[in-house]
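Tertiary structure, described
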Amino acid sequence: DCDVWYRIGNQAEDGRYYVETEDGIWLADRDSIEAIMTVDPYDYILRIVNVVSIETVSEVEVWIEDEIYRMTHQGGKFMVNEAIIDEKDYYKLYSDLMSIFIEAEIEDMEKIKEDTLMTVIYHRNDDTAPDIVQRYYEYDENMVAVEVNGTRFFLVDKLALQSLIE
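Notes on the structure in this doc start here. Owing to the predicted nature of the structure, the values given are computational and were not obtained by experimental measurement. (Residues numbered from 1 in each chain as written. Predicted model: local features only at pLDDT ≥ 70, side-chain atom pairs only at ≥ 80, totals over all residues. Heavy atoms only, no water.)

A word on the sheet that holds strand β6 (residues 77-80)
- The nine strands are arranged β7-β6-β5-β4-β9-β10-β11-β12-β8 in an open sheet whose pairing can be described as antiparallel. Single-partner strands in this sheet number two, and they are β7 (83-84) and β8 (102-105).
- Bridging between strand β9 (residues 116-124) and strand β10 (residues 132-138) involves six bridges; their strand directions are antiparallel. Across the sheet, the residue bridging to V120 is Q134, located in β10.
- Packing against the sheet, helix α2 (residues 87-97) makes contact with β4 (57-64), β5 (67-74), β6 and β9, and its axis sits at approximately 125° to β5. (Pairing = 2+ DSSP bridges. Helix = DSSP H or I, 4+ residues; strand = E, 2+ residues; numbered from the N terminus. Contact = heavy atoms within 4.5 Å. Axes fitted to C-alpha atoms, helices over the stretch in contact; angles between N-to-C directions.)

Section: a negative patch on the surface
- There is a patch of like negative charges on the surface, built from D40, E105, E107, D108 and E110.
- Structurally, D108 can be placed in the loop between β8 and β9. (Patch = residues over 30% accessible without salt bridge, like charges linked within 9 Å, V, L, I, M, F, W, Y side chains within 5 Å. Areas by Shrake-Rupley, 256 points an atom, 1.4 Å probe, with all protein chains shown as cover. Salt bridge = Lys/Arg side-chain N within 4 Å of Asp/Glu carboxyl O. Lys, Arg positive; Asp, Glu negative; His and termini not counted. Charge placed at Lys NZ, Arg CZ, Asp CG, Glu CD.)

Description of the sheet that holds strand β3 (residues 24-28)
- Within the open sheet, the three strands sit side by side as β1-β2-β3. Their pairing is antiparallel. At either end of the open sheet lies a strand with only one pairing partner, and these are β1 (7-11) and β3. On average, each strand axis in the sheet is tilted by 30° relative to the strand beside it, whichever way the strands run.
- With five bridges joining them, strand β2 (residues 17-21) and β3 adopt antiparallel strand pairing.

So this is what it looks like as structure tokens:
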């Protein structure tokens, strides 16, 4: 791994930009710098709310209103609440929990309603990996705000969440 940083300065008389790096200051082509400055980081993120390896999870709690569903797997036994289910069905359900895609960034935090539509808690089986808590909140007629471990950044499609809940 390595980091590269650029400090972009003013334009020179010929239209190029002054750029500072660890190695010094140099002039860079205007089109190249403007291409960098117009990059939207959102275009480069994985648009899945969270990816949690099933190997690092001992239990998943899914809260929908006042109902709780517990998913566990141990010793080849796959369970939802007290019911033993087929391994393939268990993995599908687990994958479905991560199938809700990020659609946009939250633009107006004031629009987030505090009623939780669904909470998913991934309890980890490794003391070095923290539990992950995802909460979904009403936002508007089309979107739901998602919070991961207390941080709210993104919106997901309300119909996608409703489909998962059903």
